[in-house]
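# Topology and contacts: notes
The residues making up each chain are set out below.
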Amino acid sequence: MELRDITKEKDLKGKRVLLRLDLNVPLEDGKIANDFRIRKNGRVISYLHKVGARTVIIAHLGKDGRESLAPVASYLQKKYLHLEFLPTAVVGAEVIQKTKEMNDGDIIMLDNLRKNPGEKENDPGFAEDLSLLGDIYVNEAFAVSHREHASIVRLPHCLPSYVGPVFLEELEGLGKALAPTPPFYVVLGGAKISTKLPIVEKFIGVADNIFLYGALAHDVLYAKGYEIGDSLVDKGIDVSHIVDNKKIILPIDVVVTNKKEGRSIKPIEEVSKGDIIFDEGPESILKIKNTLKEAATVLWNGPLGNFEAGFTQATEDAAMIISDLDAFSVVGGGDTIAAIQKLGLNEKFSFISTGGGAMLEYLAKGTLAGIDALEGR
Ligand code: 3PG
């Protein structure tokens, strides 16, 4: 079955729309640190409001359900004054009744779905309960559609199901990276080689080059026998099948810190015991600049340095370089987007994915659990 676009559906007036969003945004001291995902969701909320649907928003925040979506609801209330937040993820008689008493255009939002263990346990009973809140279901949560959770993979079996406009844009934007116009380059950063290895394996035959920067590089450098000091490395992952591939480009120089010498830039061969690699050096960045000059398609995911520790220089340099290219550029990942936003470069990228893990999984497999559920596979 084809994915159905909710904005193409007529007669939504008066219908209760159970709208799954991804509102999983970073919070700092209870305040929203990055509103990219929330703003992306504005389109479908406004649309449903305009056509007189009765919208019931469901979403998650954080890994374990400890956090409340209340700050996100307050943020949304600045735009949707009448949005009513119900601080519960339990579907009791009262909540069901509330949805039945809604007026056309009203919006209700439940609290963090992960507060209910049924969400992550993919409990059919929880999905059945949620389905009582809507006449139809809309998945506008591409970024969590790789998870086999009740609101993602079970709800499509309970209600007539649709996707939102941003979900469809994800498939189109990421589709351009799956069928890239050459020359095609992939730039990968961040940690956790295990999550990026499927992308390397998928694109190694297609891409002209794959840059493995950030902490990902440490794994490959280590496997090649380089000294990486005390840098972050995932020794349990086998990378032997990619280490000698000529298409893989590793950093030439890096920013290291060392207890005795402090911070310095070193050629990769000069990294010594006690050094910790935190960022890429200028030569490594120049390599990106020179290589990507002729690119027609660029795919970038993950920061090039340790973003959390404040090493943002190489990531920001890469953002400037890639945004300046005359190429179709596809980017994603929380820290990568944070750098792009900080520099005000959003509009200069061809497509910015809302997905982190979902983007990587979609690129590797060409589908997600949530898409299969919507398609009835
Ligand atoms: C994300 O932030 O990538 C999505 O919201 C999924 O979150 P999760 O990794 O906690 O399932």
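What you see is a predicted model; the values in this text were computed from it and never measured.

### Focus on helix α5 (residues 124-131)
Taken residue by residue, α5 has F126, A127, L130 and S131 as its buried positions. All buried residues of α5 project into a common sector of 140 degrees when viewed along the axis, lining one side. Elements that come into contact with the buried residues of α5 comprise β1 (16-21), β4 (54-58), β6 (107-110), α4 (117-120) and α6 (150-154).

### Concerning the side chain of N258
Here N258 shows up in strand β12 (residues 253-258). Take N258: its relative accessible area is 13%, and that puts it in the buried class. Within the structure, N258 has its side chain in polar contact with the backbone nitrogen of K260 (distance 2.9 Å). Setting aside its immediate chain neighbours within four residues, N258 contacts K273, G274 and D275.

### Notes on the pattern of salt bridges
Following the criterion strictly, the structure yields 18 salt bridges and no others. Between K224 and D244 there is a salt bridge whose closest N-O contact spans 3.7 Å. On the criterion of sequence distance, the pair formed by K224 in the loop between α9 (215-223) and β11 (248-249) and D244 in the loop between α9 and β11 is long-range, its members being 20 residues apart. Note on K224: relative accessible area 36%, which makes it partly exposed. Taking the relative accessible area as the measure of exposure, D244 reaches 59% and is therefore exposed. With a shortest N-O distance of 2.7 Å, D275 and K266 are connected by a salt bridge. Given the relative accessible area of 0%, D275 is considered buried. Using a relative accessible area of 11% as the deciding quantity, one classes K266 as buried. Residues participating in the shared-partner salt-bridge network are K13, R54 and D104.

### Focus: the sheet that holds β4
A sheet is described by the order of its strands in space; here six strands give the open sequence β5-β6-β4-β1-β7-β8, paired in parallel fashion. The open sheet has two edge strands with one neighbour each: β5 (84-86) and β8 (161-163). With direction set aside, neighbouring strand axes in the sheet form an average angle of 25 degrees. Examined bridge by bridge, β1 and strand β7 (residues 136-140) share five bridges and lie parallel to one another. Bridge pairing links R20 to N139 in β7.

Conventions adopted
- Residues numbered from 1 in each chain as written.
- Predicted model: local features only at pLDDT ≥ 70, side-chain atom pairs only at ≥ 80, totals over all residues.
- Heavy atoms only, no water.
- Buried < 20%, exposed > 50% of the residue type's maximum accessible area, 1.4 Å probe, protein only.
- Helix = DSSP H or I, 4+ residues; strand = E, 2+ residues; numbered from the N terminus.
- Arc of directions from axis to C-beta.
- Contact = heavy atoms within 4.5 Å.
- Polar contact = N/O pair within 3.5 Å; in protein donor to acceptor, adjacent residues only side chain to side chain.
- Salt bridge = Lys/Arg side-chain N within 4 Å of Asp/Glu carboxyl O.
- Pairing = 2+ DSSP bridges.
- Axes fitted to C-alpha atoms, helices over the stretch in contact; angles between N-to-C directions.

Honestly, that's just the spatial picture; any functional story needs more than this.
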